[in-house]
Amino acid sequence: ASEALKALRVSELFEVREKDQQELAAAVRVVTLWKQAPLPEEGKKKLDTSRKLMQAIQTVYVLPEPAAAATKKFASMTTRFVYSPILS
């Protein structure tokens, strides 16, 4: 059996077009870094410790075209998500 996954990077690319148009208006690249995080001490008393706390740092880049590098972005936004185990 392999060791449990500790971190994962997911990159998605979306093409943006106006409705009923073929011309590409922009592109959106979403990069999400997932990692396992330790449970806080107070959470260990209340939560099912066999489940893992997951954290995701997600950065969204609005690009002029799909092939553009992140340095050529129109805008970007970074968000942090924390997913906790279900209460037991």
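Not measured: the values here are computed from a predicted model. (Residues numbered from 1 in each chain as written. Predicted model: local features only at pLDDT ≥ 70, side-chain atom pairs only at ≥ 80, totals over all residues. Heavy atoms only, no water.)

## As for the packing of aromatic side chains
Worth spelling out the cut-off: Each pair of aromatic rings taken from Phe, Tyr and Trp, with Trp reduced to its six-membered ring, is defined by centres within 6.5 Å and is described as stacked if the planes are under 30 degrees apart, edge-to-face if over 60, and tilted in the remaining cases.
Applying the stated criterion across every chain yields a total of two aromatic pairs. Ring centres of F81 and Y83 lie 6.3 Å apart, and the angle between their planes is 25°; on these two criteria the pair is classed as stacked. Three or more aromatic residues joined by ring pairs make a cluster, and in this case those are W34, F81 and Y83.

## Regarding the sheet that holds strand β4 (residues 75–83)
The cut-off we apply is this: Any two strands between which DSSP finds at least two bridges are classified as paired. Helix and strand labels come from DSSP, where a helix needs a run of H or I of at least four residues and a strand needs a run of E of at least two; each type is numbered from the N terminus. Geometry is summarised by axes, namely lines fitted to C-alpha atoms with helices restricted to the contacting stretch, and by angles between N-to-C directions that run from 0 to 180 degrees.
Pairing in this open sheet of four strands is antiparallel, and the strands run β1-β2-β3-β4 from one edge to the other. Unpaired on one side and paired on the other, β1 (7–17) and β4 mark the two borders of the sheet. Recorded for the sheet is a direction-independent mean angle of 15° between the axes of neighbouring strands. Here nine bridges tie strand β3 (residues 53–63) to β4, and the two strands are oriented antiparallel to one another. Considered in β4, the bridge of A56 is made with F81.

## Comments concerning the nonpolar core
So the rule is basically this: Side-chain atoms within 4.5 Å are what join buried Ala, Val, Leu, Ile, Met, Phe, Trp, Tyr and Cys residues into a set we call a nonpolar core. Categorising residues by exposure relies on relative accessible area from a 1.4 Å probe, with only protein chains included: less than 20% of the type maximum marks a residue as buried, more than 50% marks it as exposed, and the intermediate range marks it as partly exposed. We call two residues in contact whenever any of their non-hydrogen atoms come within 4.5 Å of each other.
Ranked by size, the top nonpolar core spans five residues in total: A27, V31, Y61, L63 and A68. When contributions to this core are tallied by element, the ones reaching two or more residues are β2 (24–37) and β3. Discounting residues that sit within four places of it in the chain, A68 has contacts with R29 and L63.

## Focus: the pairing of β2
Summarising the sheet, β1 and β2 pair through 11 bridges and their orientation is antiparallel. Residue pairing for β2: E12 is matched across the bridge by V30. Taken together, the 11 bridges between β2 and β3 define a ladder with antiparallel strand orientation. Bridge pairing in β3 links T32 to Q58.

## Some words on the environment of V30
Along the chain, V30 falls in strand β2. Exposure remark for V30: the relative accessible area of 9% places this residue in the buried category. Measuring from C-alpha to C-alpha, the distance between V30 and Y61 comes to 6.4 Å, with 31 residues separating the pair along the chain. Look past the residues within four positions of V30 in its chain and what remains in contact with it is V10, S11, E12, F14, Q58, T59 and V60.

By themselves, these figures tell us nothing about what the structure is for.
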